[in-house]
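What the coordinates show
Residues per chain, in single letters:
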Amino acid sequence: MSVLRLVLGDQLSDDLSALKDLNPDVDTVLMAEVRDEATYVRHHQQKLALVFAAMRNHAERLKGRGVNVRYVRIDDADNSGSITGELARALDDGAHEAVVMTECGEWRLAEHLAAFAEGAGLPVEIREDRRFISSHDRFRRWASGKSQLRMEFFYREMRRETGILMDGDQPEGGRWNYDAENRKKLAKGVTPPDRLLIPPNAVAREAMGDVERLFGDHFGSLDGFGWATTAEEAEASLKHFLKDVLPSFGDWQDAMAEGQPWMWHGLISTSINLGLLDPLDVCKRAEAVYRAGKAPLNAVEGFIRQILGWREFVRGIYWLKAPEYRARNFLDADRKLPWFYWSGETDMACVADVVKTTRDNAYAHHIQRLMVTGNLALLLGVHPDQVDDWYMCVYADAYEWVEMPNTRGMALFADGGIVGSKPYAASGAYIDRMSDYCGACRYDVKSKSGDAACPFNRLYWGFLERNRGRLRDNVRLAMPYRTLEKFGEAKRKALAAEAEACRTLLGAAPME
Ligand code: FAD
Ligand code: DLZ
Ligand code: SF4
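Along each chain, residue indices are assigned from 1 in the same order as the chain's sequence is written. Here every chain gets a letter starting at A, and every ligand a number starting at 1, in the order they are written. pLDDT decides what is reported in this predicted model: residues at 70 or higher carry local features, side-chain atom pairs at 80 or more are listed and counted, and totals for whole chains, interfaces and linings draw on all residues regardless. With hydrogens and water set aside, each side-chain value is computed from the structure's full complement of heavy atoms.

Some words on the site of ligand 2
Selection rule: Whether a residue is near a molecule or strand depends on its heavy atoms: if one lies within 4 Å, it is near. Polar contacts, as used here, are pairs of N or O atoms within 3.5 Å; protein pairs need one atom able to donate a hydrogen and one able to accept it. Residues neighboring in sequence count only if both atoms are side-chain atoms. Values of accessible area rely on a 1.4 Å probe in the Shrake-Rupley scheme; residue burial ignores everything except the protein chains shown. A 1.4 Å probe that fits into a set of points on a 1 Å grid over the protein atoms alone but cannot get out defines a cavity; an open set with protein on both sides within 12 Å along at least five of seven lines defines a pocket, and lining residues are those with an atom within 4 Å of a point. Whether a molecule sits in a cavity or pocket is decided by its atoms, more than half of which must lie within 2 Å of the grid points. The secondary structure listing takes helices from DSSP runs of H or I that are at least 4 residues long and strands from runs of E that are at least 2 residues long, numbered from the N terminus. Side-chain classes are defined by residue name, with Ala, Val, Leu, Ile, Met, Phe, Trp, Tyr, Cys and Pro counting as nonpolar, Asp, Glu, Lys and Arg as charged, and the others, Gly among them, as polar.
As a matter of local geometry, ligand 2 sits amid 20 residues, with Gly-9, Asp-10, Ala-32, Val-34 and Glu-37 nearest to it. Note that an oxygen atom of ligand 2 is positioned 3.0 Å from one of the backbone N or O atoms of Gly-9. A distance of 3.5 Å separates an oxygen atom of ligand 2 from a polar backbone atom of Gly-105. Relative to its unbound accessible area of 490 Å², ligand 2 is 100% covered by the protein chains. Taking a 2 Å distance to the grid points as the criterion, the majority of the atoms of ligand 2 fall inside the largest cavity. When residues of the shell around ligand 2 are traced back to their parent elements, those giving at least two are helix H2 (45–64) and helix H4 (107–119). When residues of the shell around ligand 2 are assigned to their parent elements, the largest contribution, five residues, is made by H2. Considered class by class, the residues forming the shell around ligand 2 number 11 nonpolar, three polar and six charged.

Structural notes on the pattern of salt bridges
Condition: Put simply, a salt bridge is a Lys or Arg side-chain nitrogen that is within 4 Å of an Asp or Glu carboxyl oxygen. Accessible area is worked out with a 1.4 Å probe on protein chains only. A residue is then buried under 20% of its type maximum, exposed over 50%, and partly exposed in between.
Evaluated as defined, the whole model comprises 57 salt bridges. Between Arg-65 and Asp-14 there is a salt bridge, with the nearest N and O atoms lying 3.2 Å from each other. With Arg-65 in the loop between H2 and strand E3 (69–72) and Asp-14 in the loop between strand E1 (3–6) and strand E2 (28–32), the pair connects residues that are 51 residues apart, well separated along the chain. By relative accessible area, which is 48% here, Arg-65 ends up partly exposed. A residue is classified by how much of its surface remains accessible, and Asp-14, at 40% relative accessible area, is partly exposed. Ionic pairing is found between Arg-335 and Asp-334, a salt bridge with its closest N-O pair at 3.5 Å. Taking relative accessible area as the criterion, Asp-334 reaches 38% and is therefore assigned partly exposed. Each of Glu-33, Arg-56, Arg-73, Asp-75, Glu-206, Asp-210 and Arg-213 takes part in a single network of salt bridges with overlapping partners.

As for helix H7 (residues 202–215)
Quick reminder of the rule: By this rule the span expected of a helix is its residue count minus one, scaled by 1.5 Å. Working definition: the arc comes from the directions between the helix axis and the C-beta atoms, pointing outward to the latter. The contact rule is simple, with two residues in contact once any of their heavy atoms fall within 4.5 Å.
The end-to-end C-alpha distance of H7 is 19 Å, a good match for the 20 Å that 14 residues give at a rise of 1.5 Å each. Inspection of H7 places Ala-204, Ala-207, Met-208, Asp-210, Val-211 and Phe-215 among the buried residues, and these make up the whole buried set. Viewed end-on, H7 has its buried residues packed into an arc of 165°, placing them on one side of the element. The exposed set on the far side of H7, more than 90 degrees from its buried face, consists of Arg-205, Glu-212 and Arg-213. Summarising the contacts, the buried residues of H7 are in contact with helix H1 (35–39) and H2.

With respect to unusual backbone geometry
Omega for the peptide link from Ala-322 to Pro-323 comes to 5°, which places this bond in the cis form. Note that Pro-323 resides in the loop between helix H11 (297–321) and helix H12 (340–343). With a phi close to 55°, Ala-362 is a non-glycine residue in the positive phi region. By the element assignment, Ala-362 lies in the loop between helix H13 (349–361) and helix H14 (366–380). Judged by relative accessible area, Ala-362 falls into the buried class, the value being 1%.

Okay, here's the thing in structure tokens:
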């Protein structure tokens, strides 16, 4: 039987379930660059070039193994513009008797593919994506009957189940979590290591040209493109990280520094999300570095938790709660995203630096995403749809299944406490503690009111006051709410007015 096998742009793994029983003599693999996927959000130019280049390289890899690949380029004259359109075109000649695919990562496209399967008129098999460590079923079983879903407890189960960083049935070193050791501000005289950025190969250069020509008006610059677009390049990047960077990952995990986009981070989310690296393999290899005595436990545990814990957890939440998760707005946030999120034109040194690295590299590390741009959007009360759209548009690793629980859940608390137990709202003091941004900033991080004061300070108490009815009973916010109560009504009103003035100053206007 001749089978048409669909491989999507983020399904570039050798062991993809859709290819398991492929018969190279009669089957065809369909890969299609399409406008719908390139424009359903206006992805950063580097992300488009990355996806197209990685798809083209993967197609060549499959062809090299004798697989018959039907590859549709973005500017092919007959390109229908959608994945389902390309499936229909590929079936037109009646040569295939069935379609096999791996479930896709986003609800939006999953719905289109389900509708296609319904009306295809031939058998369509949608297989589970086995590139995750926890299956949907496994996550549902864990979540079932729990009133609260906390990443930490899910992560412990994943540790037990995989045996990673376990000493018998106990966590290696006696503790599950070494976070307390991973919150250091960058010490004076310490500079991040040189990083292995991958110079674009010929295929990537061609893809960059296509993107410039067809999507040159999308956000971001292509100049600094340094992403792996083949499994071999991703492997080189991972090897460099494990050897030269991982040992200090923990110490500086939460630190930020002006003009230092990479710090000690892995820079591997793009490759894992595309399928060029396998998450379980990455965890095992990080553990091996620890077992060989080449990296301390706090670094390795901290790194593994991001993948075995957070990455698996947010994926589980997305599929457990979608599609209604995508409409959640627990804090009734109703403001527009200020323009400087795109232009970078702001006197806030921290925000300007994060937007710059985002524009130049399609990357910002976790704390920059969470505690600078995310925290500011939370304090301003920007509508979650606008914030989600920004995060989807600007990062090379953005896919809704991972972006949305991080943005709507972790950063904005728009899910009311599914991903995190409290909002990560913080004043300028946090950014000052974890970075060198404030020294060079026009705003005064010690000052709480007036136009010269740090906007994070001006917004912080007003945020708590505005959301008093929704957040006051959150036990993790008991302390700040006690302080707010002690301020008395007149001061609370003044704080609310201060925050409102700041929202206006920063251009967070009400949505029409
Ligand atoms: P490292 O810091 O080296 O971490 C190692 C790996 O752990 C990452 O490559 C990633 O695969 C995984 N990881 C770390 N934190 C998380 C997390 N919170 N959730 C899921 N996986 C995690 N990550 C994405 O892959 N795509 C997104 O669209 C995305 N959007 C985000 C939006 C917001 C508001 C926030 C706060 C975080 C977001 N993250 C997203 C998570 C995280 O910021 C990135 O995975 C990380 O910065 C990628 O860089 P790295 O490879 O250097 O990560
Ligand atoms: C992200 C992306 C982009 C930009 N372009 C394509 C494409 O042209 N063809 C394709 O098959 N996949 C693309 N992708 C990845 C898909 O958007 C992704 O598979 C879904 O969003 C599910 O995660
Ligand atoms: Fe950011 Fe405020 Fe510090 Fe300026 S003073 S860098 S706005 S935290």
